[in-house]
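This is what each chain is made of:
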Amino acid sequence: RGATPRRLVVVAGTAAAMCVWSVSPVCAQATLSGTPELTSKWDYHLFNPTPNERMRSLSTDRPDATESPYTVDAGHFQIELSFVDYTRDRNNDEAETRTSFNVLPVLVKVGLLNNVDIQIGLDPYTSERVTNRADDTTHTLEGFGDTVVRLKVKLWGNDDGETALAVMPFVKLPTAERDLGNGNVEGGVIVPFAVALPSEFSLGLMAEFDVNRSAADERYVVDFVHTATVARAIVADLGGFVEFAGLLNLNGDEDYRAFFNCGLTYGLNDDVQLDAGVRAGLTEATDDFGVFAGVSWRF
């Protein structure tokens, strides 16, 4: 049997609660001694923010597809948005050309604890245009997109060490205008991992399991998303990255999708970062081309 929307919400919530309990030193000490001993940055929470001088370096979930395992410091906010995100795909089988614009899609992140943040993703305006090359007709859809709610829980490595790992359950809420979304609750869990490499390179890996409706909207299916990204500072505050991302439908309903992603980042200061890049499809089922540019801002 496929997963139901209610099960998605319950599973995501239960996983998040277990992760928060298992990795929090406060909870562990309270269990062993009966008296929590707050130390270091574990003192801070949403209503007792981490002092600016003790905040970790800015880490963003954009612009690549690989999510960061690092959370926003407790009591602080982070906004990550695209100025514009453009995608084009020429489908030869159906003689169609599809283009889409996403204007100001934004991810708002709030640090709840030293190792936990909550995130809300909004897509204020999407325009999708489909041109049938056989009869030269065009159909356009536009409007508000779906909403995503995510909870990132750091398992280790937020403030020290050569590696970091997190778990991030999420739920997609069907807020999109008619025909822009499938009208169903969907969700899953993301596991991002980061490791420092020699010569100032860094490697990010991500495994993600999505529970989505099938293309025919008959049942829920599972997609396995897997990514790898390598990044390095180029000069001063300018950095670059290259990435591979793939999506495998575990139910065999859809063809394998993969793309190559590369781009640049530039830190204006400790709390603001600009980015821009391009995507290129590597398989027939993937969009052919995409470009994006955006900014991340922490306060």
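Residues numbered from 1 in each chain as written. Predicted model: local features only at pLDDT ≥ 70, side-chain atom pairs only at ≥ 80, totals over all residues. Heavy atoms only, no water.

Trainee: Explanation requested: the packing of aromatic side chains in the structure shown.
Mentor: Two aromatic rings, taken as a pair, are described by how far apart their centres are and by the angle between their planes. Applying the stated criterion to the full structure yields four aromatic pairs. Taking 5.6 Å as the distance between ring centres and 10° as the angle between the ring planes, the aromatic pair formed by phenylalanine 77 and phenylalanine 299 counts as stacked. Linking phenylalanine 77 in strand S1 (residues 77–91) with phenylalanine 299 in the segment after strand S15 (289–298), this pair joins segments that are 222 residues apart in sequence. With a relative accessible area of 42%, phenylalanine 299 lands in the partly exposed category. Judged by centre distance (4.6 Å) and plane angle (35°), the rings of tryptophan 297 and phenylalanine 299 are tilted. (Phe/Tyr/Trp six-rings, centres within 6.5 Å; stacked < 30°, edge-to-face > 60°. Helix = DSSP H or I, 4+ residues; strand = E, 2+ residues; numbered from the N terminus. Buried < 20%, exposed > 50% of the residue type's maximum accessible area, 1.4 Å probe, protein only.)

Trainee: What am I meant to see in the pairing of strand S7 (residues 147–156) here?
Mentor: Across six bridges, strand S4 (residues 116–122) lies against S7 in antiparallel orientation. Each residue of the ladder has a partner; that of valine 116, found in S7, is valine 153. For S7 and strand S8 (residues 163–173), the ladder comprises seven bridges, and the chain directions are antiparallel. Bridging across to S8, valine 153 finds its partner in valine 167. (Pairing = 2+ DSSP bridges.)

Trainee: Would you take a moment to explain the environment of leucine 238 for this structure?
Mentor: Structurally, leucine 238 is set in strand S12 (residues 238–249). C-alpha separation for the pair leucine 238 and glutamine 273, spaced 35 residues apart in sequence, amounts to 9.7 Å. Contact partners of leucine 238, with chain neighbours within four places excluded, come to Ala233, Leu264, Thr265 and Tyr266. (Contact = heavy atoms within 4.5 Å.)

Trainee: How should I be thinking about the pairing of strand S5 (residues 125–132) in this particular structure?
Mentor: Residues in a regular strand project their side chains so that they alternate between the two faces of the sheet. Taken together, the eight bridges between strand S2 (residues 96–103) and S5 define a ladder with antiparallel strand orientation. Residue glutamate 96 lies in a different strand from S5, and its bridge partner there is asparagine 132. Where S5 and strand S6 (residues 137–143) come together, seven bridges link them in antiparallel fashion. Across the sheet, the residue bridging to arginine 129 is threonine 140, located in S6. Here S5 hands over to S6 after four residues, with aspartate 136 in that stretch at a positive phi of 60°.

Everything listed is a geometric property; what it means functionally is a separate question.
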